[in-house]
Amino acid sequence: MVVWLVGEDGRRIRAIDPFVPTCYLAAPPSIREHVFRLLRRASCRISTREVERYELGAPCPISVLEVSVHAPAQFSSLTQHLIRACPDAQFFHVDVSLPQRYFYDRELFPLVHCEADLTAEGRIQSIQALESPWDTDYGFPPLTIMELSPDSPSPNPNHGGHGSFVVRMDGEERLLEGDDADVIQRLNQLLVRQDPDILLTDWGDSYLLPRLMIMADQLRMPLELNRDPHRSIGTRKPRSYFSYGRILSHAGARILSGRLHLDRHNSFALAETGLAGLIEQARIAKVDLQQMARTTTGTGITSMQLETACRDGLLIPYRKQEPEAFKSARELLQTDQGGLVFAPIVGYHEQVGELDFSSMYPSIMVRFNISPETINCPCCRDEPAARVPEIGHHTCRHRQGLVPRTLAPLLDKRVRYKRLMAAATQPAARAVLDQRQTALKWLLVVSFGYLGYKNARFGRIEAHESVTAYSRDLLLQAKEVAERQGYRMLHAIVDSLWFVKPGAVRADYNRLAQEITERTGLSIGLEGLYHWIGFLPSRVNPLMPVPNQFVGLFDHGAMKIRGIEIRRSDAPFLVKRAQAEVLRCLSQARMLAELREQIPQALEIVRIYRRYLHDGHATVEELAITKSLSKEPQAYRHQTLSMIAAQELLARGVSLQAGDTIHYIITDADAAYLPDRARAVAGLDGTWSYDVSAYDSLLLKAALVLLTPLGVTATSLNESTAGC
Ligand SMILES: [Zn+2]
């Protein structure tokens, strides 16, 4: 195993750890004979022995053959060969990535501060961590970062607009210009001289690195992207996958050796949690940083569970398919379990308190010991305290399950980060703590999705059902406690509840939270007090409530906004800005009576924006609509606007796949000739104009959703803001 170390003297060292990965197989004697024959033919040293091991939740161990491969580089091809040759054998430990296995085995993790003994040739004699992944007070590792971006104004360089490259390091910016040979030569010089540990790119996976590799290849020049001269650049093909109920696309990957390549535009973790959050996830999940940046958060939580299983000496069965389709708790409940949501009481309300259960689903799993092997265990069938409310399942009272054992320290660490955040005085330190706790939040969020997903390694539908049954019960208990004290519940969804009671102040809501915590045994806290909050109606039927669509003004002046255009990526910037201005105008009000007094001013804002649109002033940036393709572009039956723009890009030779994001402008929504209806932003020249009435109606809708509950109708809004 190649391990890169940064010495205390600043040297970057390529070390080799003689790590021997193992796998296990269970098979009748005849198949074992076949396996032995195959192993004798292997080109590397292999040792075997008979051992007894447990499967998760099994009462007795089974006898398995342990196969140790003394050349880690051949582990994967060898085990894949065995799996194909022996379809009737049961394999274990074959598909856990080797860097993860190495980290589990050596009790190390990515970017760990460690102590190692090396021979003169760089062989690791011993290596141990000097810190724990559960520490909260670690600093940023001493890594140097070089940034590389395209010098192009295009929202996605893959869709057009080739330019030069920009390199940033230590606050200095350099433009790489000239012909291809100049660019490669300048870049190589910078890479060799600066020798960065991290190459942080924009569009590196899908555009920059592939383009540089082609350029160097055509010129037969070397490209010094790797620090490790013995390895070539790792590539992974682009693909689409299903996550959080949406199709997402993955731009493929360019993985470097001896240096980390991170692409800001191809990393959920980096976008959601920043570099500090990504490092936090990699450390506790023990997933290599380049991999963690590009994978789903589910891989992180799965790795943590795999480590628990390895530590306990459990066998990890081979999975042909990695699970990818799962949803977050909120989406699962909204789609499959509509009954769990208490529909909001539409309209604006004042003096409202919001109470949130913290990390509700993982907390339930830990508190009630919910895990695939603890559900309906044989030992606790008759214990009333083990029974799950409403449904017939029970959970084990005697042995803590694998999932709760994995989640408990994660929950605890997040609580510690939040405490440190509350105490932090420096904004920069606070921001880092926030990124780290957000990283943990995402791991916790997906832990529930994985519990219910049948293809997940540690998933079981009964475990999932038990969690939702407990959550329903807890929500009802919370409602009961509050109503007994004269509170009215306005809305509840998953783990958030909104209450109102005339005259109640912060201390009252805190007391209520305290009592609900005592009653349920699960921590609930006051998320905030609102001067006012509006639960907004459906756009289709103004009387219908929509869960999780609201705007609220906290008593500390910040707003919380969910579900409306401002928060949506597919709304044009102009519409978002208009809605934001209307909201800013409404936020002048502290009480409902004042809110109504703001209406004339809000209407004036809408009027000005409509005027601006009608006068033809709107720019591409203000009008662009961003949509992600939910299917392969060739698979669309209906000519939606995004499809028309996609077809335009395809015709220009751009390659698109499901999950890709495209940007377009509505040019003439009702045009009989379909290509006239919309244009891709990447292909715009001077010959376009926009569809005023299409944008006008988007603008009116965005204003109306906020103003309907205050008595403004579609007709009155249209008439009172026409004034052009
Ligand atoms: Zn039991």
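Residues numbered from 1 in each chain as written. Predicted model: local features only at pLDDT ≥ 70, side-chain atom pairs only at ≥ 80, totals over all residues. Heavy atoms only, no water.

1. A word on the overall build of the protein chain
Check the secondary structure of the protein chain and you find 21 helices and 27 strands. Expressed as lengths along the three principal axes of its C-alpha atoms, the size of the protein chain is roughly 85 × 75 × 55 Å. Within the protein chain, the fraction of its 724 residues that count as buried is 51%. Put simply, 67% of the contacts in the protein chain that link residues at least 6 apart link residues at least 24 apart. Accessible area for the protein chain stands at about 32,900 Å²; split by element, carbon and sulfur atoms hold 50% of it. (Helix = DSSP H or I, 4+ residues; strand = E, 2+ residues; numbered from the N terminus. Buried < 20%, exposed > 50% of the residue type's maximum accessible area, 1.4 Å probe, protein only. Contact = heavy atoms within 4.5 Å. Areas by Shrake-Rupley, 256 points an atom, 1.4 Å probe, with all protein chains shown as cover.)

2. Re the coordination of the zinc ion
Surrounding the zinc ion are the protein donor atoms Cys377 (SG), Cys379 (SG), Cys380 (SG) and Cys396 (SG), at 2.2 to 2.4 Å. Relative to the metal, the four donor atoms surrounding the zinc ion lie at angles of 102 to 113°, and the coordination shape comes out tetrahedral. Donor residues for the zinc ion, ordered by position in the chain, follow C-x1-C-C-x15-C. Given the relative accessible area of 41%, Cys379 is considered partly exposed. (Donors = N, O, S within 2.8 Å, 3.2 Å for Na, K, Ca; no water. Tetrahedral: all angles 85-135°; square planar, octahedral: opposite > 155°, others 65-115°.)

3. Some remarks on the pairing of strand S10 (residues 164-169)
A regular strand carries its side chains on alternate faces of the sheet. Within S10, five of the six residues are buried, leaving the element largely enclosed by the surrounding structure. The pairing of S10 with strand S11 (residues 172-176) spans five bridges and is antiparallel. Across the sheet, Val167 pairs through a bridge with Arg174, a residue of S11. Linking two consecutive strands that pair antiparallel, namely S10 and S11, is a turn of two residues; a positive phi of about 50° is found at Asp170 within it. (Pairing = 2+ DSSP bridges.)

4. Concerning the domain arrangement of the protein chain
Under the domain assignment, the protein chain is made up of domain 1 (2-129), domain 2 (145-315), domain 3 (335-405 + 454-563) and domain 4 (613-722). Put simply, the middle of domain 3 and the middle of domain 4, counted by C-alpha atoms, are 38 Å apart. At the interface, eight residues of domain 3 touch five residues of domain 4. For the domain 3 and domain 4 pair, buried surface summed over both sides reaches about 570 Å², with 81% attributable to carbon and sulfur atoms. Per-residue buried area on domain 3 facing domain 4 is highest for Tyr348, Pro537 and Arg539; these three make up 66% of the total on that side. Our count for the domain 3 to domain 4 interface comes out at zero salt bridges. Along the contact surface separating domain 3 from domain 4 lie one residue pair in polar contact (both at pLDDT 80 or more). The residue inventory of the side of domain 3 that touches domain 4, partitioned by class, reads five nonpolar, two polar and one charged. (Domains from an automatic or database assignment. Buried area = accessible area lost by both parts, 1.4 Å probe. Salt bridge = Lys/Arg side-chain N within 4 Å of Asp/Glu carboxyl O. Polar contact = N/O pair within 3.5 Å; in protein donor to acceptor, adjacent residues only side chain to side chain. Nonpolar A, V, L, I, M, F, W, Y, C, P; charged D, E, K, R; others polar.)

5. Topic: unusual backbone geometry
If a residue is not glycine, its phi is most likely negative; likewise, a peptide bond is most likely trans. Positive phi, normally seen in glycine, also occurs at Asp170, with a value near 50°. Its place among the elements puts Asp170 in the loop between S10 and S11. Of note in the backbone geometry, Glu390 takes a positive phi value of approximately 70° without being a glycine. Summarising the element assignment, Glu390 is placed in the loop between helix H10 (360-367) and helix H11 (402-423).

6. Here's the deal with the pattern of salt bridges
Counted under the stated rule, the structure contains 40 salt bridges. Arg106 is the partner of Asp105 in a salt bridge, and the nearest nitrogen-oxygen pair spans 2.8 Å. For Asp105, a relative accessible area of 48% puts it in the partly exposed group. For Glu604, the salt bridge is made with Arg607, and the minimal N-O distance between the two is 2.9 Å. Separated by three residues within a single helix, Glu604 and Arg607 lie in helix H17 (residues 599-614), roughly one turn from each other. With relative accessibility at 35%, the residue Glu604 sits in the partly exposed group.

7. Side note on the nonpolar core
Core analysis: the biggest nonpolar cluster contains 87 residues, and Phe357 and Ile370 have the highest contact counts within it. Of the residues forming this core, the biggest block, nine residues, is contributed by helix H13 (residues 461-484). Ignoring anything within four residues of it in the chain, the contact list for Ile370 reads Ile364, Met365, Ile375, Thr395, Val403, Pro404, Leu451, Ala463, Ser466, Val467 and Tyr470. Counting residues in hydrophobic clusters, the runner-up holds 57 residues, among them Ile564, Leu574, Val582 and Ala589. (Core = buried A, V, L, I, M, F, W, Y, C linked by side-chain atoms within 4.5 Å.)

8. Overview of the sheet that holds strand S17 (residues 260-263)
The strand order across the open sheet formed by five strands is S11-S10-S9-S12-S17, and the pairing between neighbours is mixed. Pairing within the sheet leaves two strands with one partner each, and these edge strands are S11 and S17. The sheet shows a mean angle of 20° between the axes of neighbouring strands, direction not considered. Against the sheet, helix H6 (residues 268-285) makes contact with strand S9 (145-151), strand S12 (198-201) and S17, and its axis sits at roughly 150° relative to S17, the strand it touches most. (Axes fitted to C-alpha atoms, helices over the stretch in contact; angles between N-to-C directions.)

9. Focus: the sheet that holds strand S19 (residues 347-357)
Taken in spatial order, the six strands of this open sheet run S20-S21-S19-S22-S23-S24, and their pairing is antiparallel. Two strands close off the open sheet at either side, each with one partner strand: strand S20 (488-493) and strand S24 (559-562). The mean inter-strand angle of the sheet, taken between neighbouring strand axes irrespective of direction, is 35°. Pairing of S19 with strand S22 (residues 524-537), which is carried by 10 bridges, proceeds in the antiparallel orientation. Its bridge partner lying in S22, Gly353 is registered against Leu529. Packing of H13 onto the sheet brings it into contact with S19, S20 and strand S21 (496-500), and relative to S21 it is tilted by some 15°. The sheet strands contacting helix H14 (residues 506-520) are S19, S21 and S22, and the helix crosses S22 at an angle near 110°.

10. Some details on the environment of Leu306
Looking at the element boundaries, Leu306 is found in helix H8 (residues 297-311). Under the relative-accessibility criterion, Leu306 is labelled buried at 4%. Between the alpha carbons of Leu306 and Ala285 there is a distance of 9.7 Å; along the sequence they are 21 residues apart. If we ignore the near neighbours within four places in the chain, the residues touching Leu306 are Val96, Gln100, Tyr104, Ile316, Arg457 and Phe458.

11. A short note on H11
An α-helix turns once every 3.6 residues. As a result, residues three or four positions apart point the same way. With 22 residues, H11 should reach 32 Å at 1.5 Å per residue; the first-to-last C-alpha distance of 33 Å fits that figure. Among all positions in H11, only Leu402, Val403, Pro404, Thr406, Leu407, Leu410, Leu411, Lys413, Arg414, Tyr417 and Met421 are buried. (Expected span 1.5 Å × (residues − 1).)

12. Some details on the packing of helix H1 (residues 29-40) against helix H2 (residues 72-85)
The contact between H1 and H2 brings their axes to 11 Å, and the two run at 145°. Relative to H2, the crossing made by H1 is right-handed. Across from His34, Val35, Leu38 and Leu39 in H1, the residues of H2 making contact are Leu78, His81, Leu82 and Ala85. (Left-handed = near helix turned anticlockwise from the far one by under 90°.)

13. Topic: the environment of Arg607
Given a relative accessible area of 23%, Arg607 falls into the partly exposed group. For the pair formed by Arg607 and Glu719, sequence separation is 112 residues and the distance between their alpha carbons is 9.8 Å. Here Glu604 takes part through its side chain, which lies 2.9 Å from a polar atom of the side chain of Arg607.

14. Section: helix H19 (residues 641-651)
Within H19, the full set of buried residues consists of Ser642, Met643, Ile644, Ala645, Ala646, Glu648 and Leu649. Among the structural elements, strand S25 (625-628), strand S26 (661-666) and strand S27 (678-680) are those in contact with the buried residues of H19. Directly after H19, the chain includes Gly653, whose backbone phi takes a positive value near 95°.

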